[in-house]
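# Observations on chain architecture
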Amino acid sequence: MGSAAVGRRAAGLGLAALVAAGGLAGCSSSNDGGGGGGGGGTASQAAGGGTYTIWDPYPQYDKDSEWVKLLTQCGTQAGVTVERTGYDTTDLTNKSLLAAQQGNAPDVLIVDNPVVSTLAEAGVLTTTEENKLDTSAIAPNLLAAGQSGGKTYGVPIGANTLALYYNSDVLKKAGVEADGIKDWASLTAALEKVKAAGKKGITFSAIGTEEGSFQFLPWFWGSGANLTKLDSPEGVSAVALWTDWLKKGYAPNSVINNTQTTSWQEFATGDFAFAENGTWQLANAEKAGFPYGIIPIPAKDGGTAPAPTGGEFVSIPVQKDTARYATSQKLVTCLTSTDNSLTTTTTLSYIAPTEQVQAKQVEQNAALKVWVEAVKAAKGRTSDNLGTKYPKISEPMWGGVQAALSGSKSPQQAMADAQSAAASATQ
C-alpha cells in the first residue's frame, strides 16, 4: 500500500501514487466503469481471439495512459482484445470476491499484495504452478507477499516501500550529516540537533488505518519484533521511540492523524529535517524547491530496517472455462516479462521485482539506488505465514500505536492490549 494501498497513493503521480488500505500508495477515486466478467468465452474463442477482461487498482490511468497502452499491446500480442477496468483498491477486492461467487471473474486480476492471501484462501485465484507462470527470477522476499500455504498466487508487477527523505538545508543548519545516521540512537541525536537549531524534526503517518501500520512496521520490524507478539520488549521499544519523539517535540502531534499525503505536505513546507515516505513521492520531491536526499530507515541497532513491500500482484482468477487460461497466461507473462518489466515499472513508478531490471532502473536514474536497496530489505506484510491473519493483527497494532502517541496508555500497556486483541482475533 502499496500497496495501494496503503502505501500507495500520492495524489496525481502515477501509480505510484496509490493510498488505500493496503499500503502502498493510494488510488484516487473509485471508477465503476462497467467491466464485465471474463468467464464467458468459448474454447474456440480462447484459441483464436475474443475479449479478455483485466481489472486493476489504477483508476487514475485513462485509455490514453502508458499503462493502458501497454495492456492493449499485450492483448494484441496474444491475439485478443483487452477490456480493462480500473477500480479503487478496496472496491476491487470486494468486486473480485463477488465476481468469483457469481462465476464471472475477470481473466486477469491485478491486486494489492496483502489481498492476495485473502483471495487465495477464498478460492478465487489459480496458482502460478497451475498456469506455468515463471517466477524464477523474482526476488524471494517480494514473491513471499503473494504466497499462502506454500503456494504462489501471482507474479509481482513491481514494488515500492518506505525510506527517509531529508531536507539538506535543514540538516546543514543543524550540523547533521545524513550519512552518519545508522541506527535509532544516531537518528534521535540528529533530531535533537535539528530542534536545537530551531527547525522541526521528523514527520510520518501514524493514522489509525492500515496506512499507519504500514509506516510503523519498519520501526517495529527494525527493533527485531515479530507480528505474532506485539508486546515483546522489542515491539514496545518501537512504540516508545515514536512516543518519545512526540514528547520531546522531535515529531509533531499531527502525525496521529497524518496520512502519507498530509505528512508529505508537512515536509514540503521546508521546515522538517526528515519525512518517512515512499517511492511514489519522488516526483514531488523534485518539485519541493529545496535540496533533498534519501536514506534507508535504520534498524534499532544498525543496518537497514525491513520496510513493508507495497505493490501489486498480477494473477489469474479461477474460470469455469479452463481453456481461457492459456491466453491469460500470455497476458500476465507479457506484463511481467523481463523485456517489458522496465516499461511497466517505470510507468507505475515502481522498483522492478528482478535484480536484472533493477540494475537497468538505476542505470537510467541513479536516485533509485536507495530504493532498490530498501526493496531488497523489505518484506511482505502477510509473510511469515500470517496470510489472512495479518489484517487482524494490524488493526490492534495501529490502535495501540495511537493510544501510546495520544498519551492515553503507556507503550507497554498499549501493546499488551493490542496483543490481547490480536490473539483473540486470530484464534
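Model, not experiment: these values are computed from the prediction.

Here five strands make up an open sheet; going across it, the order is β2-β1-β3-β11-β6 and the pairing mixed. Every interior strand has two partners, whereas the edge strands, β2 (81-86) and β6 (155-156), have only one. Contacting β1 (51-56), β2 and β3 (108-112), helix α2 (residues 66-78) runs over the sheet at an angle of about 150° to β2. Helix-sheet contacts for helix α12 (residues 325-336) involve β1, β2, β3, β6 and β11 (312-315), and the interaxial angle to β3 is about 45°.

Moving on, we come to the side chain of Thr309. Take Thr309: it is sitting in the loop between β10 (292-295) and β11. Non-local contacts of Thr309, meaning those with residues more than four positions away in its chain, are made with Asn113, Leu142, Ala145, Asn160, Phe214, Ala378, Lys379, Gly380 and Arg381.

Our focus in this paragraph is the confidence of the model for the protein. Taken over all residues, the pLDDT of the protein has a mean of 88, while the share at 70 or more is 89%. Taken together, the stretch residues 2-47 has pLDDT below 50 and engages in 233 contacts with residues farther than four places along the chain or on a different chain.

The next thing to look at is the packing of aromatic side chains. Here a ring pair, both rings aromatic, is described through the centre-centre distance and the interplanar angle of the planes. A complete count under the given rule lists 15 aromatic pairs for this structure. With a centroid separation of 6.3 Å and an interplanar angle of 75°, the aromatic rings of Tyr58 and Tyr61 are classed as edge-to-face. Pairing Tyr58 with Trp67 gives two aromatic rings, centres 5.3 Å apart and planes at 80°, and the pair type is edge-to-face. Accessibility classification places Tyr58 together with Trp67 in one group, the buried group.

Our focus in this paragraph is the pairing of strand β9 (residues 272-278). For β9, the buried fraction is high: seven of the seven residues fall into the buried class. Sheet topology places strand β7 (residues 162-167) next to β9; five bridges connect them, and they run antiparallel. Each residue of the ladder has a partner; that of Ala163, found in β9, is Asn277. Note that strand β8 (residues 200-203) and β9 share three bridges and pair parallel.

This part is about the side chain of Ser213. Considering the arrangement of structural elements, one finds Ser213 in helix α8 (residues 210-222). When sequence neighbours within four positions are dropped, the list of residues in contact with Ser213 reads Tyr390, Ser394, Met397 and Trp398.

This part takes up the pattern of salt bridges. Following the criterion strictly, the structure yields nine salt bridges and no others. Where Arg84 meets Asp56, a salt bridge forms, and the shortest distance between an N and an O atom there is 2.8 Å. Residue Arg84 is located in strand β2, and its partner Asp56 is located in strand β1; the two are separated by 28 residues in the primary sequence. Assessed through its relative accessible area of 0%, Asp56 is described here as buried. When the shortest N-O distance is used, the salt bridge between Lys69 and Glu66 registers 3.7 Å. Within this pair, Lys69 and its partner Glu66 are both found in helix α2, separated by three residues, close to a single helical turn. A relative accessible area of 44% places Lys69 in the partly exposed class.

Attention shifts here to the state of the cysteines. Tallied over the entire structure, the rule returns one disulfide. For Cys74, the disulfide goes to Cys334, at an S-S distance of 2.0 Å. Across the S-S bond of Cys74 and Cys334 the torsion is about -75°, and the bridge reads as left-handed. Of this pair, Cys74 sits in helix α2 while Cys334 sits in helix α12, and the two are 260 residues apart along the sequence. Of the two residues examined, Cys74 and Cys334, each falls in the buried class.

Residue placement: Leu335 occurs in helix α12. Residue Leu335 is classed as buried on the basis of its relative accessible area of 1%. Contact partners of Leu335, with chain neighbours within four places excluded, come to Trp67, Leu70, Leu71, Cys74, Ile110, Val314 and Thr344.

This part covers helix α16 (residues 390-406). Taking 1.5 Å per residue as the helical rise, α16 with its 17 residues ought to reach 24 Å, and the 24 Å between its terminal C-alpha atoms agrees with that figure. Within α16 the residues assigned to the buried category are Tyr390, Ile393, Ser394, Pro396, Met397, Trp398, Gly400, Val401, Ala403, Ala404 and Leu405. Those residues of α16 that are buried lie in contact with α8, α9 (233-247) and α17 (411-426). Where α16 terminates, the next one or two residues include Gly407, which has phi positive at roughly 85°.

The strands making up a sheet associate through backbone hydrogen bonding, with each pair oriented either parallel or antiparallel. The strand order across the open sheet built from four strands is β8-β9-β7-β10, with neighbouring strands paired in mixed fashion. The sheet terminates laterally at β8 and β10, the two strands that pair on one side only. On average, each strand axis in the sheet is tilted by 20° relative to the strand beside it, whichever way the strands run. Sheet topology note: the β7/β10 ladder contains four bridges and is antiparallel. Bridging across to β10, Leu164 finds its partner in Ile295.

What counts and what doesn't
Residues numbered from 1 in each chain as written. Predicted model: local features only at pLDDT ≥ 70, side-chain atom pairs only at ≥ 80, totals over all residues. Heavy atoms only, no water. Pairing = 2+ DSSP bridges. Helix = DSSP H or I, 4+ residues; strand = E, 2+ residues; numbered from the N terminus. Contact = heavy atoms within 4.5 Å. Axes fitted to C-alpha atoms, helices over the stretch in contact; angles between N-to-C directions. pLDDT = per-residue confidence, 0-100. Phe/Tyr/Trp six-rings, centres within 6.5 Å; stacked < 30°, edge-to-face > 60°. Buried < 20%, exposed > 50% of the residue type's maximum accessible area, 1.4 Å probe, protein only. Salt bridge = Lys/Arg side-chain N within 4 Å of Asp/Glu carboxyl O. Disulfide = S-S within 2.5 Å. Expected span 1.5 Å × (residues − 1).

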